Amino acid sequence: MALDLEKPYRLNPSVALRPEPFGALAYHFGNRKLSFLKAPDLVEFVRGLGEHATLSAALDATGLTDARRASYLKALDSLAGTDMIVEGA
Amino acid sequence: MTATLPVPSLVEQFKFGLEAPICLTWEWTYACNLACDHCLSSSGRRDPNELSTDEIKAVIDELERMQVFYVNVGGGEPTVRPDFWELLDYAIAHHVGIKFSTNGVKINAERAKQLASTDYVDVQISLDGATREVNDAVRGPGSYDMAMRALRHLSDAGMRDFKISVVMTRHNVGQLDAFKRIADGFGAQLRITRLRPSGRGADVWDELHPTADQQLELYAWLVANGEGVLTGDSFFHLNALGSTPLPGLNLCGAGRVVCLIDPVGDVYACPFAIHDVFKAGNIRGEGFKYVWQNSELFKDLRRPQTGGICNSCPAYDSCQGGCMAAKFFTGLPLDGPDPECVKGHGEQALSKRDGDVLPKSTQDHSRTGKKRTVSLGLPSVRMPDRACDTSPLADLT
C-alpha cells in the first residue's frame with residue numbers, strides 16, 4: 001500500500017473511532033478489523049483528514065517535525081492498508 | 001508513534017484499562033442441551049433469574065452507546081433461548097456485532113442461510129475432538145455429529161470464515177493437524193483455546209490438561225501454523241518456551257480489556273472466573289457502563305500488578321505469570337506461577353497446596369452437579385436427577 005501525498009484521503013465512513021486514554025480504537029464495520037491509533041493528536045488528524053485537498057496539505061497544516069511526520073505517514077500507511085482511511089474527498 | 005513522543009506500548013496501556021471492553025463475553029443462558037465435562041460455566045439448567053428479552057435489549061443499547069463494536073455471545077447454549085434470533089437481529093441493527101458460540105443444535109439449513117446472508121454476525125462451532133470418539137468422550141454422545149452437521153450447513157450456505165472452536169486437552173493436542181484439515185475442508189477458520197479449571201473444568205482438569213510434552217508440541221505447532229489460526233490469545237503462558245512470541249496480546253486482560261456478563265446480569269472479570277471473588281457487580285440497577293468504570297475490583301485489576309514470587313524468574317516478561325483464573329481454581333496464589341508454568345514452577349506449587357479446599361465456581365447449573373470421569377471411547381452417560389432435568393428446553397416455555 002503506497003500513500004499518494006498529492007491525493008485526498010478521508011476516514012472510511014464505515015469506521016468508528018472510540019476515544020481511549022492512549023488515542024482511539026478504530027473499528028471497521030465492513031471488514032471487522034480493529035486498529036489502534038496510538039496518539040490523541042493522530043486521532044484528531046485522522047478525523048479532520050477529509051477536509052484537506054491533499055494528504056500533503058493535511059500534513060503541512062499540522063506543523064509537525066520531520067520525524068513526527070514520518071511516524072504519522074507510517075501509521076497512515078498501515079491505516080490505509082486495512083481500509084481504515086480511503087482515497088477521496 | 002514513538003519517534004518524538006515516547007508512548008508506552010499498547011500492552012502497557014491496556015494494563016490500565018479501557019473506556020469500554022474490547023472483548024466482551026456475554027452468556028445469554030445457563031441452559032444447555034449438552035453437559036460437557038469441562039464446561040467453564042457449569043451450565044445445564046436455565047436460571048429462573050436470567051435477563052429478559054427487554055433487559056438484554058437495554059444492555060445492547062448501552063453497548064451501542066459505549067461503542068462496544070462486537071460481543072462474544074455464549075452460554076450455556078445461547079440458541080436455545082426462544083428469543084435468540086430476535087436478539088441477534090436487534091444487536092446487529094444497533095451496531096453491536098455478534099459472534100456466538102454454539103454446539104450447533106439449532107443450525108439447520110434454513111438458519112445457516114440466514115446467518116450467511118447477515119453481515120456482522122459470526123458463528124463459532126465447538127468441537128473438542130477431530131474424531132467422534134475423542135469429541136464425544138468430553139462433550140457427550142451425539143455432539144460430534146451435531147457439530148459436523150452444523151458445519152456442513154454453514155459451508156453449504158456459503159458462509160465463510162466461521163470458526164471451529166477447540167479446547168485443547170490431553171486427548172486432542174495430537175489432532176491439531178486433523179482439526180486444521182476439518183476447518184479447511186469447510187472453508188472455516190480454526191480457533192484453539194486453553195482448557196481452564198473453571199466451572200466443571202475444575203473436576204476434570206487434572207486428567208485433561210495437556211502434559212508438559214504436549215505444551216511443547218502445542219507451542220511448536222502454533223509457531224509453525226499460528227498464522228490463520230485463532231487462539232483468543234489464550235496461550236501466552238507458553239511464550240516462555242521459546243524466543244518466538246506467539247501472536248496476540250501477551251497479558252491477562254481480565255477487567256482491563258475483557259469481561260463477562262453472565263445470564264443473570266452479573267459482571268465478572270473474565271469468562272473463566274465465575275466466582276464471587278471476581279464479581280464486579282450486576283447490570284440490573286446501575287447498568288453495565290457503571291460497573292465497568294467504577295467497580296472496585298476492576299479498579300484494582302487495573303493497578304500495576306506485581307509478579308510476586310515470579311518476579312525473580314527470567315521468563316516473567318514473556319508469560320506475565322499466566323492466567324489468573326487457572327491459578328485461583330487450582331488453589332494457587334494469584335501472584336505466583338500459573339499451574340501450567342512451562343518452567344515447572346506450577347507443578348511444584350500444586351504439590352505444596354492443600355488440594356482438598358479448592359474454591360468452587362459460585363454458579364452451578366449442572367443437571368447432575370456431580371463429578372464424572374472422562375472415559376475416552378466410552379461416552380459418559382448421565383442420569384437425570386429429576387424428570388425436568390432431561391431437557392433444558394423444558395423450562396424455557
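Here's what I pulled together on the structure shown here. (Residues numbered from 1 in each chain as written. Chains lettered and ligands numbered in written order. Predicted model: local features only at pLDDT ≥ 70, side-chain atom pairs only at ≥ 80, totals over all residues.)

Now for the packing of helix 4 (residues 109-116) of chain B against helix 6 (residues 143-156) of chain B. All names here are of chain B. Following both chains from N to C, one finds helix 4 and helix 6 inclined at 50°, their axes separated by 8 Å at the closest point. Taken together, the axes of helix 4 and helix 6 lie oblique to each other. Relative to helix 6, the crossing made by helix 4 is right-handed. For the pair helix 4 and helix 6, contact is made by A109, A112, L115 and A116 and by H153, L154 and D156, respectively. (Axes fitted to C-alpha atoms, helices over the stretch in contact; angles between N-to-C directions. Helix = DSSP H or I, 4+ residues; strand = E, 2+ residues; numbered from the N terminus. Parallel < 35°, antiparallel > 145°, perpendicular 65-115°, else oblique. Left-handed = near helix turned anticlockwise from the far one by under 90°. Contact = placed C-beta atoms within 7 Å.)

A word on the sheet that holds strand 4 (residues 34-37) of chain A. Residue and element names in this part refer to chain A. Reading across the sheet, the three strands line up as 2-3-4 and stay open at both edges, with antiparallel pairing between neighbours. Edge positions in the sheet fall to strand 2 (15-20) and strand 4, since each of these pairs with one other strand and no more. On average, adjacent strands in this sheet sit at an angle of 25° to one another, irrespective of strand direction. Both strand 3 (residues 23-28) and strand 4 contribute to a ladder of four bridges, which runs antiparallel. Directly across from A26, in strand 4, lies its bridge partner S35. On top of the sheet, helix 1 (residues 40-48) reaches strand 2, strand 3 and strand 4; it is set at about 45° to strand 3, its chief contact. (Pairing = 2+ DSSP bridges.)

Residues and elements named next belong to chain B. Ranked by internal contacts, the top residues of the largest apolar core, which has 128 residues, are I164, Y268, A269, C270 and A273. The dominant element in this core, judged by the number of residues it contributes, is helix 6, at six residues. Those residues in contact with A273 that sit more than four places away from it in its chain are S198, A254, Y268, F278, M324, A325 and F328. (Core = buried A, V, L, I, M, F, W, Y, C linked by C-beta atoms within 7 Å. Buried ≥ 20, exposed ≤ 12 C-beta atoms within 10 Å, placed from the backbone.)

Attention now goes to the sheet that holds strand 9 (residues 279-282) of chain B. Residue and element names in this part refer to chain B. One open sheet holds the nine strands; their spatial order is 6-5-4-3-2-1-7-8-9, and the pairing between them is mixed. The strands lining the two open edges of the sheet, one partner per strand, are strand 6 (189-194) and strand 9. The sheet shows a mean angle of 25° between the axes of neighbouring strands, taken without regard to direction. Packing of helix 6 onto the sheet brings it into contact with strand 4 (121-126) and strand 5 (163-168), and relative to strand 4 it is tilted by some 150°.

To continue, consider the environment of A57 of chain A. All names here are of chain A. Checked against the element boundaries, A57 lands in helix 2 (residues 55-60). On the neighbour-count criterion, A57 (13 C-beta atoms within 10 Å) is partly exposed. A57 sits 50 residues away from K7 along the chain, and the two C-alpha atoms are 9.5 Å apart.

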